[in-house]
Amino acid sequence: MVHFTCDLCGKELTPGSECRYVVKLEVFAADDPAEITEDDLDDDHMEALSQLLRDEEANLVDPDAVSPSYKTFRYDLCPECHKKFVRDPLGKEAAHKFDFSKN
Ligand SMILES: [Zn+2]
């Protein structure tokens, strides 16, 4: 039998007896295309641009590429931690509390 533990509190989650929640996060740099000017449209720039695009595609299809701008996370949560997570997914509440304790 596969055993899961809550990634937040470490509680054991027994399949069948208790709900298990899966959190999947995907983090990547927003790929906003740079504005193309007329200067960019001569052949040299187009060649450089298409080379750049090929490089980016190569990065995307290689799952082993170490790219700090792209990362996925997967967590198993117990019902209690799931409730806390959906209320404050980015931990903003906790961050505020930390700020207050410093002052
Ligand atoms: Zn938990």
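Residues numbered from 1 in each chain as written. Predicted model: local features only at pLDDT ≥ 70, side-chain atom pairs only at ≥ 80, totals over all residues. Heavy atoms only, no water.

Asker: An account of the overall build of the protein is requested, with residue identities and associated values reported.
Answerer: Secondary structure assignment for the protein yields three helices and four strands. Each helix (α) and strand (β) of the protein, taken in turn from the N terminus, gives the series β-β-β-α-β-α-α. Out of the 103 residues belonging to the protein, those deemed buried represent 8%. For the protein, restricting intrachain contacts to residue pairs at least 6 apart in sequence, the fraction spanning at least 24 positions comes to 71%. When the accessible surface of the protein is split by element, carbon and sulfur atoms take 56% of a total near 9100 Å². (Helix = DSSP H or I, 4+ residues; strand = E, 2+ residues; numbered from the N terminus. Buried < 20%, exposed > 50% of the residue type's maximum accessible area, 1.4 Å probe, protein only. Contact = heavy atoms within 4.5 Å. Areas by Shrake-Rupley, 256 points an atom, 1.4 Å probe, with all protein chains shown as cover.)

Asker: Help me get a handle on the nonpolar core, residues and values and all.
Answerer: Counting six residues, the largest nonpolar core is built from C6, L13, V23, L77, C78 and C81. Not counting the four nearest positions on each side in its chain, C78 is found in contact with C6, C9, K11, L13 and Y21. (Core = buried A, V, L, I, M, F, W, Y, C linked by side-chain atoms within 4.5 Å.)

Asker: Describe the coordination of the zinc ion, naming the residues involved and giving the relevant values.
Answerer: Taken together, C6 (SG), C9 (SG), C78 (SG) and C81 (SG) make up the protein donors of the zinc ion, found 2.3 Å from the metal. By relative accessible area, which is 0% here, C78 ends up buried. With relative accessibility at 5%, the residue C81 sits in the buried group. (Donors = N, O, S within 2.8 Å, 3.2 Å for Na, K, Ca; no water.)

Asker: Break down a positive patch on the surface for me, with residues and values.
Answerer: A contiguous patch of positive charge, built from K83, K84, R87 and K97, is present on the exposed surface. In terms of residue count, helix α2 (residues 79-87) provides more of the positive patch than any other element does, three residues in total. (Patch = residues over 30% accessible without salt bridge, like charges linked within 9 Å, V, L, I, M, F, W, Y side chains within 5 Å. Salt bridge = Lys/Arg side-chain N within 4 Å of Asp/Glu carboxyl O. Lys, Arg positive; Asp, Glu negative; His and termini not counted. Charge placed at Lys NZ, Arg CZ, Asp CG, Glu CD.)

Asker: Explain the pattern of salt bridges to me, and be specific about the residues and the numbers.
Answerer: In this structure the tally under the stated criterion is three salt bridges. Two residues, K11 and E80, come together in a salt bridge whose shortest N-O distance is 4.0 Å. Of the two residues, K11 sits in the loop between β1 (4-5) and β2 (12-13) while E80 sits in helix α2, which places them 69 residues apart along the sequence. Here E80 falls in the partly exposed class, since its relative accessible area comes to 48%. In this structure, the salt-bridge partner of R20 is D76, at a minimum N-O distance of 2.8 Å.

Asker: Tell me what's going on with the packing of aromatic side chains, and back it up with residues and numbers.
Answerer: Following the criterion strictly, the structure yields two aromatic pairs and no others. The ring of F4 carries the charged tip of R20 above its face, separated from the ring centre by 3.6 Å. (Phe/Tyr/Trp six-rings, centres within 6.5 Å; stacked < 30°, edge-to-face > 60°. Lys NZ or Arg CZ within 6 Å of the ring centre and 35° of its normal.)

Asker: Got a sec to walk through a nonpolar patch on the surface? Specific residues and values, please.
Answerer: A cluster of nonpolar residues, L25, V27 and Y75, forms a patch on the protein surface that exposes about 230 Å² of accessible area. Its place among the elements puts L25 in strand β3 (residues 21-28).

All quantities given are derived from atomic positions and should not be read as evidence of function.
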